[in-house]
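Read off the chains here:
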Amino acid sequence: MSPYTADTTGDKVAADCQAQIAGKTVLVTGATPGGLGAAFALAIAKYRPACVILATRSLATAEETGNQIRAVEATVKVKCVALDLGSLSQIREAAAEVNALEETVDVLVNNAGVMACPYAKTVNGIERQFGTNYVGHFLFTNLLLSKMLARDVPVRVVNVSSDGHRFSHVRFEDLDFDDGKVYNRWVAYGQSKTANILFSLSLAQKLGSKNLVSVSLHPGVIWTNLGRDVKQDEFVEISELDLVQGHRTILEQGLKIKSMDSGIATHVVAAFHPSLDAPGLNGSYLQDCNPVKHEEMLPWGRDPVDAERLWKTGEQLVSEAFTY
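What counts and how
Residues numbered from 1 in each chain as written. Predicted model: local features only at pLDDT ≥ 70, side-chain atom pairs only at ≥ 80, totals over all residues. Heavy atoms only, no water. Salt bridge = Lys/Arg side-chain N within 4 Å of Asp/Glu carboxyl O. Helix = DSSP H or I, 4+ residues; strand = E, 2+ residues; numbered from the N terminus. Buried < 20%, exposed > 50% of the residue type's maximum accessible area, 1.4 Å probe, protein only. Contact = heavy atoms within 4.5 Å. Core = buried A, V, L, I, M, F, W, Y, C linked by side-chain atoms within 4.5 Å.

Asks: I'd like a description of the pattern of salt bridges, backed by residues and values.
Replies: As enumerated under the stated definition, the model contains 18 salt bridges in all. For K256, the salt bridge identified is with D7, shortest N-O distance 3.0 Å. Taken together, the residues span a long stretch of sequence, with K256 in the loop between helix 9 (248-253) and helix 10 (260-263) and D7 in the segment before helix 1 (10-16) at a distance of 249 residues. As far as burial versus exposure is concerned, K256 and D7 are alike and both exposed. With a shortest N-O distance of 2.9 Å, K206 and E308 are connected by a salt bridge. In this pair, K206 sits in helix 7 (residues 185-207) while E308 sits in helix 12 (residues 304-318), placing the two residues 102 residues apart along the sequence. The partly exposed category is assigned to E308, whose relative accessible area is 27%. Taken together, the salt bridges that share partners define one network made up of K77, K79 and E103.

This is the structure in structure tokens:
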């Protein structure tokens, strides 16, 4: 356990991890101003990473975040890459662009995502939340790993999940909700966030012996642009679903809203804190800056059989096998 709590700030963790941050090349997906990815990048910038790569759908928003980083620390290189996680062909282009850079990624933070959006499919015919939050990152990460691992130095992959994974296991036999006929936007979100957790578990199992640490995390409840598809009065849907599914503890405790700075603290721990190098912690799911105990996790978020099945599902959806 780290000395941190739900109230710890990202700035505090970054100050503690400045030796681990200095000189690293860090890639963040979804670094739009006002979001957690941008806030994370800004928090670590003052401790002089060698390079921050911002991979977002809009280069203009990436450049805006990049300018903010340069204002914090002018010595940090900033590279901006267009990344549309809903397009497998564009993901391949983005990965090729990153791999062609002089820099090699030390820390990959898969932060981008969508939440509770209306039913839609990606250009490749995958339900949008699953396709963006999981499949897109699955392909992007695997396309970067060969170069990341080639130097035989420690690397990290962080997958940003959510405690919203409680809403659903991975629906292996019906990923797209009967073509939208039985779609529930929160259940679909839960499925994609469970997939993020299982993806980190798979990476740890497959590549832990090759200097890779991969963890997933719940940042907390923070008001960001992630919730743009949900009106304020529609969040009651979450309580209604919790009631139906029997998540009594969450109903009784209620939602605790975090500040942006506290929201990114777990990002910084996941990306840099040396405590996660300890035996048995690779593949962990973090909340409030600490790994959640295995016995306290929902079974569908810790099952290695589901993790392997999901990996194979990802390979099928992107039409490429990744064997390590």
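Asks: Go over the side chain of S202 with me, naming the residues and quoting the values.
Replies: Within the element layout of this structure, S202 appears in helix 7. Classification of S202 by relative accessible area gives buried; the value is 1%. Other than its neighbours up to four places away in sequence, S202 contacts A307, E308 and W311.

Asks: If you had to explain the nonpolar core to someone new, which residues and values would you point to?
Replies: Counting residues in each nonpolar core, the largest one holds 44 residues, and the members touching the most others are L27, F130 and F140. Listed by contribution, the elements that provide at least two residues to this core are strand 2 (51-56), helix 5 (88-99), helix 6 (128-150), strand 5 (155-160), helix 7 and helix 12. It is helix 6 that provides the largest number of residues to this core, a total of ten residues. Dropping the residues within four chain positions of it, L27 is found in contact with I53, A55, V98, V105, V107, L108, V109, F140 and L144. Membership of the second largest hydrophobic core comes to 31 residues, among which are V13, C17, V109 and V160.

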